[in-house]
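Understanding the architecture of this molecule
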2 protein chains.
Amino acid sequence: MPDRPLNIDLLRRSPFFAAAGEAAMTRLLRPSFTQQLPRGAILFDQNEVPNFLHLLLAGSVGLQARDETGTETVVEIFGAGELFLAPAAILGLPYLASGAALTDVRVLMIPADVFREGIAADPALGQAAIELLARHWRLMVDQVVDLKLRPAERRVARFLARRVPEEAGAGTADLPEPRGAIAARLGMTPETLSRTLNALEAQGVIRLSPRQAHVVDRARLLQVGAR
Amino acid sequence: MPDRPLNIDLLRRSPFFAAAGEAAMTRLLRPSFTQQLPRGAILFDQNEVPNFLHLLLAGSVGLQARDETGTETVVEIFGAGELFLAPAAILGLPYLASGAALTDVRVLMIPADVFREGIAADPALGQAAIELLARHWRLMVDQVVDLKLRPAERRVARFLARRVPEEAGAGTADLPEPRGAIAARLGMTPETLSRTLNALEAQGVIRLSPRQAHVVDRARLLQVGAR
DNA sequence: CGATCATATTGATATACATCAAGATACAAT
DNA sequence: ATTGTATCTTGATGTATATCAATATGATCG
(Lines give C-alpha, C1' and ligand atoms only; values in the text may rest on other atoms or scores of the structure.)
Protein backbone atom coordinates (compact mmCIF):
# COMPACT_ATOMS: atom_id res chain seq x y z
CA MET A 1 0.00 0.00 0.00
CA PRO A 2 1.77 3.09 -1.20
CA ASP A 3 0.49 5.84 1.04
CA ARG A 4 -1.43 4.01 3.71
CA PRO A 5 -4.32 6.32 4.66
CA LEU A 6 -2.86 7.91 7.72
CA ASN A 7 -3.46 6.21 10.94
CA ILE A 8 -5.96 8.53 12.58
CA ASP A 9 -5.95 6.43 15.66
CA LEU A 10 -2.25 6.84 16.26
CA LEU A 11 -2.74 10.58 16.02
CA ARG A 12 -5.69 10.58 18.34
CA ARG A 13 -3.67 8.75 20.94
CA SER A 14 -0.60 10.96 20.64
CA PRO A 15 -0.25 13.01 23.81
CA PHE A 16 -0.49 16.17 21.81
CA PHE A 17 -3.74 15.59 19.99
CA ALA A 18 -5.27 13.89 22.98
CA ALA A 19 -4.91 17.22 24.77
CA ALA A 20 -5.81 19.41 21.80
CA GLY A 21 -9.10 17.72 21.10
CA GLU A 22 -10.83 16.49 17.98
CA ALA A 23 -11.68 19.93 16.63
CA ALA A 24 -8.12 21.21 16.68
CA MET A 25 -6.98 17.96 15.19
CA THR A 26 -9.13 18.19 12.09
CA ARG A 27 -8.28 21.84 11.76
CA LEU A 28 -4.59 21.07 11.66
CA LEU A 29 -4.94 17.97 9.55
CA ARG A 30 -6.82 19.49 6.63
CA PRO A 31 -3.95 21.53 5.21
CA SER A 32 -1.34 18.92 6.14
CA PHE A 33 0.12 16.11 4.09
CA THR A 34 2.31 13.11 4.68
CA GLN A 35 5.69 12.31 3.31
CA GLN A 36 7.83 9.20 3.21
CA LEU A 37 11.54 9.63 3.48
CA PRO A 38 14.44 7.19 3.41
CA ARG A 39 16.93 6.84 6.21
CA GLY A 40 19.47 9.62 6.03
CA ALA A 41 17.08 12.21 4.66
CA ILE A 42 17.18 15.65 6.23
CA LEU A 43 13.75 16.91 7.25
CA PHE A 44 14.97 20.39 8.05
CA ASP A 45 18.28 22.05 8.52
CA GLN A 46 19.83 23.98 11.37
CA ASN A 47 19.46 27.75 10.80
CA GLU A 48 16.57 27.36 8.38
CA VAL A 49 13.34 29.16 9.15
CA PRO A 50 10.66 26.55 9.82
CA ASN A 51 7.67 26.20 7.52
CA PHE A 52 6.30 23.01 9.00
CA LEU A 53 5.81 21.16 12.21
CA HIS A 54 6.53 17.48 11.93
CA LEU A 55 4.49 14.72 13.43
CA LEU A 56 6.21 11.38 13.11
CA LEU A 57 3.94 8.60 11.94
CA ALA A 58 6.58 5.89 11.66
CA GLY A 59 10.30 5.53 12.13
CA SER A 60 12.64 7.71 14.15
CA VAL A 61 14.15 11.11 13.68
CA GLY A 62 17.26 12.52 15.29
CA LEU A 63 17.53 16.12 16.29
CA GLN A 64 21.12 16.84 15.48
CA ALA A 65 23.11 19.94 16.24
CA ARG A 66 26.42 21.15 14.88
CA ASP A 67 28.81 23.28 16.89
CA GLU A 68 31.13 25.94 15.48
CA THR A 69 33.84 23.40 14.67
CA GLY A 70 31.43 21.38 12.58
CA THR A 71 31.16 18.31 14.82
CA GLU A 72 27.66 16.99 15.19
CA THR A 73 25.73 15.37 17.97
CA VAL A 74 22.23 14.04 18.48
CA VAL A 75 20.25 16.06 20.99
CA GLU A 76 17.21 13.83 21.04
CA ILE A 77 15.66 10.94 19.19
CA PHE A 78 11.95 11.11 18.49
CA GLY A 79 9.73 8.14 17.73
CA ALA A 80 6.33 7.49 16.18
CA GLY A 81 3.52 9.65 17.53
CA GLU A 82 5.75 12.54 18.52
CA LEU A 83 5.33 16.10 17.40
CA PHE A 84 8.53 18.06 17.45
CA LEU A 85 10.23 21.31 16.68
CA ALA A 86 7.36 23.22 18.08
CA PRO A 87 9.72 25.68 19.78
CA ALA A 88 11.33 26.98 16.62
CA ALA A 89 8.06 26.99 14.72
CA ILE A 90 6.28 28.81 17.51
CA LEU A 91 8.92 31.45 18.00
CA GLY A 92 9.44 31.83 14.28
CA LEU A 93 13.15 31.56 14.94
CA PRO A 94 15.59 29.47 12.93
CA TYR A 95 15.91 25.84 13.97
CA LEU A 96 18.80 25.34 16.31
CA ALA A 97 19.22 21.78 15.17
CA SER A 98 18.65 19.69 12.06
CA GLY A 99 16.21 16.83 11.77
CA ALA A 100 17.58 13.66 10.21
CA ALA A 101 15.71 10.46 9.45
CA LEU A 102 17.50 7.73 11.40
CA THR A 103 15.34 5.07 9.78
CA ASP A 104 12.89 5.21 6.90
CA VAL A 105 10.18 7.52 8.14
CA ARG A 106 6.65 8.56 7.50
CA VAL A 107 5.93 12.05 8.65
CA LEU A 108 2.95 14.37 8.73
CA MET A 109 3.79 17.89 7.66
CA ILE A 110 1.75 20.60 9.36
CA PRO A 111 2.14 24.12 7.96
CA ALA A 112 3.66 26.34 10.63
CA ASP A 113 1.40 29.30 9.97
CA VAL A 114 -1.72 27.17 10.35
CA PHE A 115 -0.35 25.96 13.62
CA ARG A 116 0.46 29.45 14.83
CA GLU A 117 -3.01 30.72 13.95
CA GLY A 118 -4.46 27.64 15.57
CA ILE A 119 -2.91 28.16 18.95
CA ALA A 120 -4.04 31.78 18.96
CA ALA A 121 -7.61 30.90 18.01
CA ASP A 122 -8.26 27.67 19.88
CA PRO A 123 -7.54 27.67 23.63
CA ALA A 124 -7.51 23.88 23.81
CA LEU A 125 -4.83 23.80 21.13
CA GLY A 126 -2.88 26.47 22.96
CA GLN A 127 -3.07 24.44 26.11
CA ALA A 128 -1.89 21.35 24.27
CA ALA A 129 1.07 23.29 22.88
CA ILE A 130 1.96 24.46 26.37
CA GLU A 131 1.86 20.95 27.70
CA LEU A 132 3.93 19.66 24.80
CA LEU A 133 6.60 22.26 25.41
CA ALA A 134 6.60 21.62 29.12
CA ARG A 135 7.08 17.91 28.53
CA HIS A 136 9.88 18.51 26.07
CA TRP A 137 11.57 20.86 28.52
CA ARG A 138 11.49 18.13 31.12
CA LEU A 139 13.00 15.70 28.65
CA MET A 140 15.95 18.02 28.19
CA VAL A 141 16.36 18.66 31.90
CA ASP A 142 16.42 14.94 32.44
CA GLN A 143 19.13 14.56 29.83
CA VAL A 144 21.24 17.31 31.37
CA VAL A 145 21.07 15.56 34.72
CA ASP A 146 21.91 12.29 33.01
CA LEU A 147 24.99 13.73 31.36
CA LYS A 148 26.23 15.48 34.47
CA LEU A 149 25.59 12.82 37.05
CA ARG A 150 25.47 9.37 35.55
CA PRO A 151 28.31 7.31 34.08
CA ALA A 152 28.04 5.82 30.59
CA GLU A 153 26.83 2.42 31.74
CA ARG A 154 23.93 3.88 33.70
CA ARG A 155 22.92 6.12 30.82
CA VAL A 156 22.80 3.17 28.47
CA ALA A 157 20.82 1.13 30.97
CA ARG A 158 18.22 3.86 31.40
CA PHE A 159 17.97 4.34 27.66
CA LEU A 160 17.24 0.68 27.10
CA ALA A 161 14.79 0.52 29.99
CA ARG A 162 12.79 3.38 28.54
CA ARG A 163 12.52 1.52 25.24
CA VAL A 164 10.94 -1.56 26.73
CA PRO A 165 7.27 -1.34 25.75
CA GLU A 166 5.69 -2.38 29.02
CA GLU A 167 6.29 -1.67 32.65
CA ALA A 168 6.75 -5.39 32.97
CA GLY A 169 9.94 -6.97 34.19
CA ALA A 170 11.12 -8.09 30.79
CA GLY A 171 10.72 -7.06 27.18
CA THR A 172 12.52 -6.25 23.99
CA ALA A 173 13.92 -2.83 23.11
CA ASP A 174 14.16 -2.19 19.39
CA LEU A 175 17.20 -0.22 18.27
CA PRO A 176 16.56 0.47 14.59
CA GLU A 177 18.71 3.57 14.44
CA PRO A 178 22.45 3.51 13.72
CA ARG A 179 24.70 2.94 16.70
CA GLY A 180 26.46 6.20 16.08
CA ALA A 181 23.21 8.11 16.53
CA ILE A 182 22.32 6.30 19.73
CA ALA A 183 25.82 6.85 21.05
CA ALA A 184 25.63 10.57 20.26
CA ARG A 185 22.23 10.83 21.92
CA LEU A 186 23.81 9.30 25.01
CA GLY A 187 26.85 11.54 24.91
CA MET A 188 29.45 8.89 24.15
CA THR A 189 31.31 7.39 21.21
CA PRO A 190 30.05 4.35 19.30
CA GLU A 191 33.01 2.41 20.67
CA THR A 192 32.04 3.11 24.25
CA LEU A 193 28.41 2.25 23.54
CA SER A 194 29.43 -1.06 22.02
CA ARG A 195 31.61 -1.97 24.96
CA THR A 196 28.98 -0.90 27.46
CA LEU A 197 26.33 -3.00 25.75
CA ASN A 198 28.67 -5.98 25.94
CA ALA A 199 29.30 -5.34 29.60
CA LEU A 200 25.56 -5.32 30.27
CA GLU A 201 25.17 -8.59 28.42
CA ALA A 202 28.04 -10.07 30.40
CA GLN A 203 26.19 -9.12 33.58
CA GLY A 204 23.21 -11.02 32.24
CA VAL A 205 20.73 -8.15 32.32
CA ILE A 206 20.29 -7.95 28.56
CA ARG A 207 20.69 -10.23 25.58
CA LEU A 208 21.90 -8.65 22.37
CA SER A 209 20.75 -9.40 18.84
CA PRO A 210 21.39 -7.43 15.63
CA ARG A 211 18.97 -4.53 15.96
CA GLN A 212 17.51 -5.08 19.36
CA ALA A 213 18.26 -5.76 22.99
CA HIS A 214 16.17 -8.13 25.01
CA VAL A 215 15.89 -6.86 28.54
CA VAL A 216 15.88 -9.82 30.88
CA ASP A 217 15.15 -7.88 34.05
CA ARG A 218 14.21 -4.25 33.88
CA ALA A 219 14.62 -3.58 37.57
CA ARG A 220 18.05 -5.15 37.71
CA LEU A 221 19.04 -3.28 34.55
CA LEU A 222 18.31 0.00 36.29
CA GLN A 223 20.41 -1.13 39.22
CA VAL A 224 23.69 -1.60 37.35
CA GLY A 225 26.57 0.32 38.76
CA ALA A 226 24.46 1.25 41.77
CA ARG A 227 26.60 2.43 44.57
CA MET B 1 2.86 46.80 52.24
CA PRO B 2 6.11 46.72 54.12
CA ASP B 3 7.79 45.48 51.05
CA ARG B 4 6.87 48.42 48.87
CA PRO B 5 9.60 48.97 46.30
CA LEU B 6 8.42 46.36 43.83
CA ASN B 7 10.29 47.34 40.75
CA ILE B 8 7.46 47.44 38.25
CA ASP B 9 9.77 48.51 35.53
CA LEU B 10 11.98 45.47 35.83
CA LEU B 11 8.87 43.35 35.51
CA ARG B 12 7.59 45.27 32.53
CA ARG B 13 10.88 44.74 30.75
CA SER B 14 11.15 41.02 31.54
CA PRO B 15 10.66 39.03 28.33
CA PHE B 16 7.70 37.32 29.83
CA PHE B 17 5.61 40.29 30.84
CA ALA B 18 6.65 42.21 27.77
CA ALA B 19 4.89 39.50 25.75
CA ALA B 20 1.99 39.02 28.14
CA GLY B 21 0.95 42.64 28.17
CA GLU B 22 -0.06 45.10 30.87
CA ALA B 23 -3.44 43.54 31.54
CA ALA B 24 -2.12 40.08 32.25
CA MET B 25 0.61 41.60 34.35
CA THR B 26 -1.71 43.35 36.74
CA ARG B 27 -3.93 40.31 36.85
CA LEU B 28 -1.06 38.13 37.96
CA LEU B 29 0.42 40.71 40.27
CA ARG B 30 -2.62 41.39 42.42
CA PRO B 31 -2.66 38.07 44.28
CA SER B 32 1.12 37.82 44.33
CA PHE B 33 3.58 38.88 47.00
CA THR B 34 7.30 39.20 47.33
CA GLN B 35 9.68 37.43 49.61
CA GLN B 36 13.27 37.99 50.63
CA LEU B 37 15.39 34.96 51.27
CA PRO B 38 18.97 34.50 52.33
CA ARG B 39 21.52 32.61 50.33
CA GLY B 40 21.06 28.89 50.84
CA ALA B 41 17.29 29.04 51.23
CA ILE B 42 15.25 26.46 49.35
CA LEU B 43 12.42 28.00 47.34
CA PHE B 44 10.85 24.70 46.49
CA ASP B 45 11.86 21.10 46.71
CA GLN B 46 12.17 18.35 44.14
CA ASN B 47 9.03 16.14 44.14
CA GLU B 48 6.88 18.79 45.80
CA VAL B 49 3.73 19.86 44.01
CA PRO B 50 4.09 23.51 43.00
CA ASN B 51 1.87 26.17 44.47
CA PHE B 52 3.71 29.16 43.06
CA LEU B 53 5.59 30.40 40.09
CA HIS B 54 8.65 32.39 40.95
CA LEU B 55 9.77 35.57 39.32
CA LEU B 56 13.21 36.58 40.45
CA LEU B 57 13.50 40.25 41.33
CA ALA B 58 17.08 40.17 42.57
CA GLY B 59 19.81 37.63 43.12
CA SER B 60 20.22 34.24 41.52
CA VAL B 61 18.58 30.89 41.96
CA GLY B 62 19.92 27.50 41.03
CA LEU B 63 17.72 24.76 39.74
CA GLN B 64 19.26 21.73 41.34
CA ALA B 65 18.46 18.11 40.78
CA ARG B 66 19.31 15.02 42.79
CA ASP B 67 19.78 11.63 41.21
CA GLU B 68 18.97 8.29 42.84
CA THR B 69 22.34 8.13 44.60
CA GLY B 70 21.75 11.49 46.22
CA THR B 71 24.39 13.50 44.38
CA GLU B 72 23.23 16.90 43.29
CA THR B 73 23.91 19.10 40.32
CA VAL B 74 22.78 22.49 39.09
CA VAL B 75 20.71 22.29 35.95
CA GLU B 76 20.42 26.00 35.36
CA ILE B 77 21.08 29.29 37.08
CA PHE B 78 18.41 31.96 36.78
CA GLY B 79 18.99 35.67 37.28
CA ALA B 80 16.92 38.75 37.99
CA GLY B 81 13.91 39.22 35.73
CA GLU B 82 13.47 35.54 35.02
CA LEU B 83 10.31 33.57 35.56
CA PHE B 84 10.93 29.89 36.11
CA LEU B 85 9.45 26.55 36.89
CA ALA B 86 6.59 27.23 34.61
CA PRO B 87 6.71 23.66 33.29
CA ALA B 88 5.98 21.96 36.58
CA ALA B 89 3.42 24.57 37.60
CA ILE B 90 1.66 24.31 34.25
CA LEU B 91 1.52 20.56 34.14
CA GLY B 92 0.63 20.34 37.78
CA LEU B 93 3.32 17.74 38.14
CA PRO B 94 5.88 17.57 40.92
CA TYR B 95 9.01 19.67 40.43
CA LEU B 96 11.80 17.62 38.98
CA ALA B 97 14.36 19.84 40.63
CA SER B 98 14.74 22.03 43.68
CA GLY B 99 15.21 25.77 43.65
CA ALA B 100 17.99 27.07 45.87
CA ALA B 101 18.96 30.68 46.48
CA LEU B 102 22.58 30.98 45.39
CA THR B 103 22.74 34.54 46.70
CA ASP B 104 20.35 36.55 48.83
CA VAL B 105 17.26 36.83 46.69
CA ARG B 106 14.09 38.78 46.31
CA VAL B 107 11.39 36.83 44.58
CA LEU B 108 7.83 37.46 43.47
CA MET B 109 5.53 34.59 44.31
CA ILE B 110 2.69 34.07 41.83
CA PRO B 111 0.02 31.58 42.88
CA ALA B 112 0.05 28.69 40.44
CA ASP B 113 -3.73 28.43 40.14
CA VAL B 114 -4.05 32.09 39.26
CA PHE B 115 -1.46 31.54 36.59
CA ARG B 116 -3.18 28.47 35.23
CA GLU B 117 -6.52 30.24 35.06
CA GLY B 118 -4.80 33.21 33.49
CA ILE B 119 -3.32 31.33 30.57
CA ALA B 120 -6.68 29.75 29.87
CA ALA B 121 -8.55 33.04 29.97
CA ASP B 122 -6.11 35.48 28.39
CA PRO B 123 -4.71 34.51 24.98
CA ALA B 124 -1.86 37.02 25.25
CA LEU B 125 -0.79 35.42 28.50
CA GLY B 126 -1.05 31.99 26.94
CA GLN B 127 1.13 33.13 24.09
CA ALA B 128 3.67 34.55 26.53
CA ALA B 129 3.75 31.24 28.38
CA ILE B 130 4.34 29.40 25.13
CA GLU B 131 7.20 31.67 24.23
CA LEU B 132 8.71 31.36 27.67
CA LEU B 133 8.64 27.60 27.49
CA ALA B 134 10.05 27.60 23.99
CA ARG B 135 12.93 29.80 25.10
CA HIS B 136 13.63 27.63 28.10
CA TRP B 137 13.61 24.54 25.92
CA ARG B 138 16.22 26.14 23.72
CA LEU B 139 18.33 26.96 26.75
CA MET B 140 18.38 23.30 27.70
CA VAL B 141 19.13 22.14 24.17
CA ASP B 142 22.02 24.53 24.08
CA GLN B 143 23.35 23.11 27.31
CA VAL B 144 23.07 19.54 26.08
CA VAL B 145 25.10 20.46 23.01
CA ASP B 146 27.59 22.24 25.23
CA LEU B 147 28.07 19.21 27.45
CA LYS B 148 28.37 16.77 24.58
CA LEU B 149 30.56 18.73 22.24
CA ARG B 150 32.63 21.32 24.05
CA PRO B 151 35.56 20.82 26.40
CA ALA B 152 35.56 22.42 29.85
CA GLU B 153 37.57 25.46 28.84
CA ARG B 154 35.18 26.38 26.05
CA ARG B 155 32.16 25.92 28.30
CA VAL B 156 33.64 28.27 30.87
CA ALA B 157 34.49 30.80 28.19
CA ARG B 158 30.97 30.80 26.81
CA PHE B 159 29.50 31.09 30.28
CA LEU B 160 31.58 34.15 31.06
CA ALA B 161 30.87 35.72 27.68
CA ARG B 162 27.13 35.39 28.25
CA ARG B 163 27.49 37.22 31.55
CA VAL B 164 29.10 40.28 30.07
CA PRO B 165 26.36 42.92 30.05
CA GLU B 166 26.87 44.39 26.61
CA GLU B 167 27.72 43.06 23.20
CA ALA B 168 30.78 45.22 23.46
CA GLY B 169 34.30 43.85 23.26
CA ALA B 170 34.99 44.11 26.96
CA GLY B 171 33.08 44.13 30.21
CA THR B 172 32.81 42.60 33.63
CA ALA B 173 31.00 39.40 34.45
CA ASP B 174 29.74 39.19 38.00
CA LEU B 175 29.94 35.79 39.62
CA PRO B 176 28.10 36.21 42.91
CA GLU B 177 27.17 32.57 43.28
CA PRO B 178 29.40 29.94 44.91
CA ARG B 179 32.01 28.36 42.70
CA GLY B 180 30.59 24.94 43.36
CA ALA B 181 27.26 25.98 41.88
CA ILE B 182 28.81 27.48 38.79
CA ALA B 183 30.97 24.41 38.34
CA ALA B 184 27.93 22.14 38.61
CA ARG B 185 26.00 24.24 36.13
CA LEU B 186 28.91 23.78 33.74
CA GLY B 187 29.19 20.07 34.35
CA MET B 188 32.57 20.03 36.04
CA THR B 189 34.10 20.01 39.52
CA PRO B 190 35.03 23.21 41.37
CA GLU B 191 38.69 22.21 41.04
CA THR B 192 38.47 22.05 37.28
CA LEU B 193 36.61 25.34 37.13
CA SER B 194 39.27 27.00 39.24
CA ARG B 195 42.08 25.71 37.06
CA THR B 196 40.26 26.63 33.86
CA LEU B 197 39.67 30.16 35.09
CA ASN B 198 43.38 30.45 35.85
CA ALA B 199 44.24 29.14 32.42
CA LEU B 200 42.02 31.78 30.81
CA GLU B 201 43.68 34.48 32.87
CA ALA B 202 47.11 33.17 31.88
CA GLN B 203 46.05 33.52 28.25
CA GLY B 204 45.19 37.11 29.00
CA VAL B 205 41.55 36.97 27.93
CA ILE B 206 40.16 37.59 31.41
CA ARG B 207 41.31 39.18 34.64
CA LEU B 208 40.10 37.61 37.86
CA SER B 209 39.02 39.36 41.03
CA PRO B 210 37.19 37.96 44.08
CA ARG B 211 33.63 37.70 42.79
CA GLN B 212 33.96 38.72 39.22
CA ALA B 213 35.86 38.22 36.01
CA HIS B 214 36.77 41.13 33.80
CA VAL B 215 36.57 40.06 30.19
CA VAL B 216 39.30 41.81 28.27
CA ASP B 217 38.22 40.70 24.84
CA ARG B 218 34.94 38.95 24.35
CA ALA B 219 35.66 37.77 20.83
CA ARG B 220 39.02 36.31 21.74
CA LEU B 221 37.49 34.68 24.81
CA LEU B 222 35.09 32.80 22.59
CA GLN B 223 37.98 31.71 20.45
CA VAL B 224 39.94 29.84 23.12
CA GLY B 225 40.73 26.28 22.27
CA ALA B 226 39.51 26.85 18.72
CA ARG B 227 40.74 24.13 16.49
C1' DC C 1 40.26 43.46 65.01
C1' DG C 2 41.81 38.27 65.40
C1' DA C 3 39.65 33.51 65.62
C1' DT C 4 36.73 30.46 63.30
C1' DC C 5 34.55 28.27 59.56
C1' DA C 6 33.21 27.76 55.00
C1' DT C 7 34.78 28.23 50.39
C1' DA C 8 38.34 28.32 47.03
C1' DT C 9 42.86 27.12 45.21
C1' DT C 10 46.77 24.28 44.30
C1' DG C 11 49.18 19.90 43.80
C1' DA C 12 49.62 14.78 43.01
C1' DT C 13 47.49 10.85 41.27
C1' DA C 14 43.81 7.95 39.28
C1' DT C 15 40.41 6.70 35.84
C1' DA C 16 36.56 6.79 32.64
C1' DC C 17 36.16 7.58 28.32
C1' DA C 18 38.13 9.13 23.77
C1' DT C 19 41.04 8.25 20.07
C1' DC C 20 43.43 5.64 16.71
C1' DA C 21 43.75 1.49 14.16
C1' DA C 22 42.47 -3.07 12.56
C1' DG C 23 39.16 -6.58 11.90
C1' DA C 24 34.51 -8.60 11.70
C1' DT C 25 29.54 -8.37 10.35
C1' DA C 26 25.79 -7.19 8.10
C1' DC C 27 23.45 -5.15 4.39
C1' DA C 28 22.61 -3.79 -0.65
C1' DA C 29 23.35 -4.42 -5.25
C1' DT C 30 24.56 -7.18 -9.02
C1' DA D 1 25.28 -16.59 -3.92
C1' DT D 2 29.32 -12.99 -4.42
C1' DT D 3 31.17 -8.85 -4.04
C1' DG D 4 31.44 -4.30 -2.29
C1' DT D 5 30.66 -0.90 1.21
C1' DA D 6 29.10 0.92 5.39
C1' DT D 7 28.54 -0.14 10.10
C1' DC D 8 29.88 -2.27 14.13
C1' DT D 9 33.10 -4.40 17.24
C1' DT D 10 37.50 -5.31 19.42
C1' DG D 11 42.10 -4.01 20.93
C1' DA D 12 45.95 -0.81 22.34
C1' DT D 13 47.00 3.62 23.88
C1' DG D 14 46.24 8.49 25.25
C1' DT D 15 44.21 12.34 27.74
C1' DA D 16 40.84 15.41 29.86
C1' DT D 17 38.85 15.65 33.88
C1' DA D 18 37.79 13.53 38.50
C1' DT D 19 39.37 12.44 42.96
C1' DC D 20 41.97 12.86 47.06
C1' DA D 21 44.53 15.71 50.11
C1' DA D 22 46.52 19.77 51.80
C1' DT D 23 46.80 24.72 52.04
C1' DA D 24 45.17 29.33 51.44
C1' DT D 25 41.77 32.87 51.25
C1' DG D 26 38.01 35.40 52.63
C1' DA D 27 33.83 36.04 55.01
C1' DT D 28 31.40 36.19 59.72
C1' DC D 29 31.05 37.04 64.40
C1' DG D 30 32.56 37.49 69.09
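Numbers given for residues are sequential positions, taken from 1 along each chain in its written order. Whichever chain is written first becomes A and whichever ligand is written first becomes 1, with later ones labelled in order. Owing to the predicted nature of the model, reporting of local features is limited to residues with pLDDT of at least 70; listing and counting of side-chain atom pairs is limited to 80 or more, with chain, interface and lining totals taken over all residues. Only heavy atoms go into the side-chain values, all of them from the structure, while hydrogens and water stay out.

**Some points on the protein's contact with DNA strand C**
Selection criterion: Throughout, near means a residue has at least one heavy atom within 4 Å of the molecule or strand. Any N or O atom pair separated by 3.5 Å or less is treated as a polar contact, with the protein-specific requirement of one donor-capable and one acceptor-capable atom, and with residues adjacent in sequence counted only for side-chain atom pairs. Secondary structure counts use DSSP, requiring at least four H or I residues in a row for a helix and at least two E residues in a row for a strand, with both numbered from the N terminus. When residues are grouped by polarity, Ala, Val, Leu, Ile, Met, Phe, Trp, Tyr, Cys and Pro land in nonpolar, Asp, Glu, Lys and Arg in charged, and all others, Gly among them, in polar.
Contacts to DNA strand C come from 16 residues, most closely from A152 and T192 of chain A together with R179, R195 and N198 of chain B. Among atoms of DNA strand C positioned within 4 Å of the protein, sugar and phosphate together represent 70%. In this structure, T189 of chain A approaches DNA strand C through a side-chain N or O atom, which is 3.2 Å from a phosphate oxygen. The side chain of S194 of chain B places a nitrogen or oxygen atom 3.2 Å from a sugar or linking oxygen of DNA strand C. Elements with a minimum of two residues in the surface near DNA strand C: α9 (190-202) of chain A together with α8 (179-185) and α9 (190-202) of chain B. Broken down by element, the surface near DNA strand C gets its largest block of residues, four residues, from α9 of chain B. A breakdown of the residues in the surface near DNA strand C according to their chemical character gives four nonpolar, six polar and six charged.

**Structural notes on the layout of surface pockets**
As a reminder of what qualifies: With a 1 Å grid laid over protein atoms only, a set of points is called a cavity when a 1.4 Å probe fits there but cannot get out and a pocket when it is open yet has protein on both sides within 12 Å along at least five of seven lines; lining residues have an atom within 4 Å of a point. Grid points are joined across faces, edges and corners, and a volume is the space filled by probe spheres set on the points.
Of the volumes computed, that of the largest pocket is approximately 1,100 Å³. Taken together, 41 residues form the lining of the largest pocket, with E76, I77, E82, L139 and R162 of chain A sitting closest to its centre. Listed by contribution, the elements that provide at least two residues to the lining of the largest pocket are α2 (15-20), β5 (72-78), α6 (123-149), α7 (152-163) and β9 (171-174) of chain A together with β4 (61-66) of chain B. Here the lining of the largest pocket gets nine residues from one element, more than from any other, and that element is α6 of chain A. A per-class count over the lining of the largest pocket returns 18 nonpolar, nine polar and 14 charged. One number sums up the size of the second largest pocket: a volume of about 930 Å³. The wall of the second largest pocket is formed by 34 residues, among which E76, L139, D142, R162 and R185 of chain B lie closest to the centre.

**Notes on the side chain of Q64 of chain B**
Residues and elements named next belong to chain B. What counts here: Under the scheme applied here, a residue whose accessible area is under 20% of the maximum for its type counts as buried, over 50% as exposed, and between as partly exposed, the area being computed with a 1.4 Å probe on protein chains only. Every residue pair with non-hydrogen atoms within 4.5 Å of one another is taken to be in contact.
Assignment of secondary structure puts Q64 in strand β4. Note on Q64: relative accessible area 15%, which makes it buried. A distance of 2.6 Å separates a polar atom in the side chain of Q64 from a polar atom in the side chain of E72. Residues within four places of Q64 in sequence aside, it is in contact with Q46, E72, T73, V74, V75, A97, S98, A100 and L102.

**Concerning helix α3 (residues 22-29) of chain A**
Since one α-helical turn is 3.6 residues long, residues separated by three or four positions face the same way. Formally: The arc under discussion is defined with respect to the helix axis, by the directions toward the C-beta atoms.
Looking only at α3 of chain A, the buried set comprises A24, M25, L28 and L29 of chain A. Seen from one end, α3 of chain A has its buried residues packed into an arc of 125°, which puts them on one side.

**Concerning the UniProt feature "domain: HTH crp-type" (unreviewed entry) in chain A**
Selection criterion: UniProt positions are given in the numbering used here, feature names are shortened, and annotations may be inferred rather than shown by experiment.
Per the UniProt entry, the sites bearing "domain: HTH crp-type" (unreviewed entry) are residues 150-219 of chain A in this numbering. For the annotated span residues 150-219 of chain A, helix accounts for 49% and strand for 17% of the residues, and the straight-line distance between the end C-alpha atoms is 17 Å.

**Some details on the relation of the copies chain A and chain B**
These two copies of the chain differ by a rotation about an axis and a displacement along the same axis. Spelled out, the test is: Residues reaching a pLDDT of at least 70 in both copies supply the C-alpha atoms on which the copies are superposed by least squares.
The two copies are related by a screw operation: chain A maps onto chain B through 180° of rotation and 0.0 Å of translation along the axis, at an RMSD of 0.0 Å. Look at the turn and shift together and you get a two-fold axis relating the two. No C-alpha of chain A approaches the rotation axis more nearly than that of W137 of chain A, which lies at 2.5 Å.

**Concerning the interface of chain A and chain B**
Just so we agree on the cut-off: Two parts lose some accessible area (1.4 Å probe) when they are put together, and adding that loss for both gives the buried area. We define a salt bridge as a contact between a side-chain nitrogen of Lys or Arg and a carboxyl oxygen of Asp or Glu at a distance within 4 Å.
Every contact between the two is made by 45 residues of chain A and, on the other side, 45 residues of chain B. Overall, the association of chain A and chain B removes approximately 4,000 Å² of surface from exposure, summing both partners, and the carbon and sulfur fraction of that is 74%. Considering only the surface of chain A that becomes buried against chain B, W137, R138 and K148 of chain A emerge as the three largest contributors, covering 21% of it. Taken together, chain A and chain B are joined by four salt bridges.

**Observations concerning the protein's contact with DNA strand D**
Neighbouring DNA strand D are 16 residues, the closest being R179, R195 and N198 of chain A together with A152 and T192 of chain B. Of what DNA strand D places within 4 Å of the protein, 67% of the atoms are sugar or phosphate. Taking T189 of chain B, its side chain carries an N or O atom lying 3.3 Å from a phosphate oxygen of DNA strand D. Contact between DNA strand D and R195 of chain B: a base oxygen at 3.0 Å from a side-chain N or O atom of the residue. For the surface near DNA strand D, the secondary structure elements donating two or more residues are α8 (179-185) and α9 of chain A together with α9 of chain B. Element by element, the count of residues in the surface near DNA strand D is highest for α9 of chain A, at four residues. A per-class count over the surface near DNA strand D returns four nonpolar, six polar and six charged.

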